[in-house]
Amino acid sequence: MPQLSLFSAYRRLKAGPKLTGPLPSFSNVPKLEALYLDYNNLAGTIPPSFLKSSLSSKLRVTISHNLLSGKVPTELLSLNSLNIEMEGNKITQFDNRFCDNLSWMNGLVKDYDCDAFMCPPGFYGIYGRQNSTDSPCTRCDLSTNPTPYWGSISCDSVIDEKEILELLYNDCGGDDWHRNDNWLENDDTCTWYGIECRDGNTVQAINLGANNLVGTPPGELFRLHQLHSLWLHSNPIDFRFKDIGDAKNLVELRLDSTGLSDIFGIGDATSLIKLDLKFNQISGAFPTELLKLDKLESLSLTDNNLSGGLPDFTSLDSLISLHLGSNRFSGEPTGFGGLKYLLNLDLSDNDLVGTIPKNFLRNISARKPIAVDLSSNNLSGGIPLELDRLEELVIYLRDNKFTELSPELCNEDNRDWNFDEVGMFGCDAIMCPPGKANYHGRHSAETSPCRKCASNTDLYGQITCDGEPVVKSSSTRLVRGFVGIVISSLFSGILWG
């Protein structure tokens, strides 16, 4: 290819297979002016004859972010001029004579010496080299065992992501997974089933939910520094949180339905935004470590065996969705007054007692829609009039011991409550009154009104009559009967994107 002047096969922000194998030599391409091979999986050393015949005075080469190792060949010193990007590899030797060519790297060598090529071992830069005053090479803390390679973008030792994923496969029974497409069959881990990559190069997401993983996922997963999302739900695994603090970019973690009983160490996962631990075996008091995760927007602990009083959730002031239903929490429903972004709160099917506090949702904007499920507890008294300011409240109160419901909560100002049903059915859309009952404890459809029940003399929102459950109508809109489905239908984009 003696006439070739441009060759481009870079994979940054591009889908598709990556180049593998050794770096080819372009020794017979004298007119080459631009060569783009960055963000592939090229391995081995840079061949001495790599650019042997190049005559261009403005040669630009990018071989950064591959798996190249060893030394930069001194044969490149014979070139007239060179702008070569090599950062993000495993280069261990770089001759200082390269730094005598002050015009190289578009003249940056004159300003930044060898750092214009690559930051040296023990140093790092946001680009792995210095190309402006805003991107210096910074010395690493020697106590952290910093990277031994030239051109590092962090102080951490270079991580072999393929080896880490191979550990996951071997430790968690990969041969018996429901799907293991491409695993271990090629070097491009971004093509392996359940793996998503950033820039087509580094692992950003692992989604292996309901895939028959078994055993203990390796802690090395937390060394995947660009890992944002880890979904291992619906697998019988023994997940451990040790060293999860190393996963500094992890924002989504799904471990629901895994048999999890211990979450010791999760407090170090301070980057988490979405955490799903429902349908597990977590017991005891509310795990206080979770209160350290101040970036959390979504937390689900539904269907565990948690007990005792509810904590003050003020430290989790970014919460949008909080699911604590189907546990054994007791005491009063306090601790939510400081949350101002909350849109979904599920406290159903617990052992909560007392009255709903007047400051229950005091910081919630009156104009924001909010869904609250307090069903199947032992709450008593009335519904605080302070909730009257909320314009679009969906609230489920069935199967408690409420004795009061003020008409002020059922007037024209509240017609939009419970999906406009308060406007259609009045107070009955919130709770059936004493003397009546309904499968949902309220009037939720034309064909499902509150029906007379002589045995219910004192309580609102009852779902039984004469000791027997009220039979639901075949046309009853069960989809509106509990907050979980409301949340999934209205706010799934907010919660799980």
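Residues numbered from 1 in each chain as written. Predicted model: local features only at pLDDT ≥ 70, side-chain atom pairs only at ≥ 80, totals over all residues. Heavy atoms only, no water.

1. Some details on the sheet that holds strand 22 (residues 351-354)
Strand order in the open sheet formed by 6 strands is 16-18-20-22-24-26, with parallel pairing between adjacent strands. Edge positions in the sheet fall to strand 16 (283-284) and strand 26 (401-402), since each has one partner strand and no second. Across 2 bridges, the pairing between strand 24 (residues 378-381) and strand 26 is parallel. When the sheet's bridge partners are listed, Ser380 is paired in strand 26 with Lys401. (Pairing = 2+ DSSP bridges. Helix = DSSP H or I, 4+ residues; strand = E, 2+ residues; numbered from the N terminus.)

2. So, a negative patch on the surface
Taken together, the side chains of Glu391, Glu392, Asp416 and Asp420 make up a negatively charged region of the molecular surface. Considering the arrangement of structural elements, one finds Asp416 in the loop between strand 26 and helix 3 (417-425). The class for Asp416 is partly exposed, based on a relative accessible area of 39%. (Patch = residues over 30% accessible without salt bridge, like charges linked within 9 Å, V, L, I, M, F, W, Y side chains within 5 Å. Areas by Shrake-Rupley, 256 points an atom, 1.4 Å probe, with all protein chains shown as cover. Salt bridge = Lys/Arg side-chain N within 4 Å of Asp/Glu carboxyl O. Lys, Arg positive; Asp, Glu negative; His and termini not counted. Charge placed at Lys NZ, Arg CZ, Asp CG, Glu CD. Buried < 20%, exposed > 50% of the residue type's maximum accessible area, 1.4 Å probe, protein only.)

3. A few points about the side chain of Asn66
Structurally, Asn66 can be placed in the loop between strand 5 (60-62) and strand 6 (67-71). Judged by its relative accessible area of 5%, Asn66 is buried. Once residues within four sequence positions are removed from consideration, Asn66 is found in contact with Leu37, Asp38, Tyr39, Asn40, Asn41, Leu42, Gly88 and Asn89. (Contact = heavy atoms within 4.5 Å.)

4. Topic: the sheet that holds strand 6
Taken together, 4 strands build an open sheet; the order of strands is 2-4-6-8 and the sheet is parallel. Where the open sheet ends on each side, the last strands, each with one partner, are strand 2 (20-22) and strand 8 (90-93). Put simply, the sheet's adjacent strands are angled 20° from each other on average, direction ignored. The sheet contact formed by strand 2 and strand 4 (residues 41-44) spans 3 bridges and is parallel. (Axes fitted to C-alpha atoms, helices over the stretch in contact; angles between N-to-C directions.)

5. Looking at the state of the cysteines
Overall, the coordinates contain 7 disulfides when judged by the stated rule. Two residues, Cys99 and Cys114, share a disulfide whose sulfurs are 1.6 Å apart. On the sign convention where negative means left-handed, the S-S torsion of about 110° between Cys99 and Cys114 marks this disulfide as right-handed. Taken together, the positions of Cys99 in the loop between strand 8 and helix 1 (108-112) and Cys114 in the loop between helix 1 and strand 9 (123-124) put the pair 15 residues apart, joining distant regions of the chain. On the basis of relative accessibility, which here comes to 11%, the residue Cys114 falls in the buried class. Covalent S-S linkage joins Cys410 and Cys427, the inter-sulfur distance amounting to 2.0 Å. Around the S-S axis, the bridge from Cys410 to Cys427 shows a dihedral of about 105° and counts as right-handed. With Cys410 in the loop between strand 26 and helix 3 and Cys427 in the loop between helix 3 and strand 27 (436-437), this pair connects stretches of sequence that are 17 residues apart. According to the relative accessible area criterion, Cys410 is buried, its value standing at 12%. Residue classification places Cys427 among the partly exposed residues on the basis of a relative accessible area of 23%. (Disulfide = S-S within 2.5 Å.)

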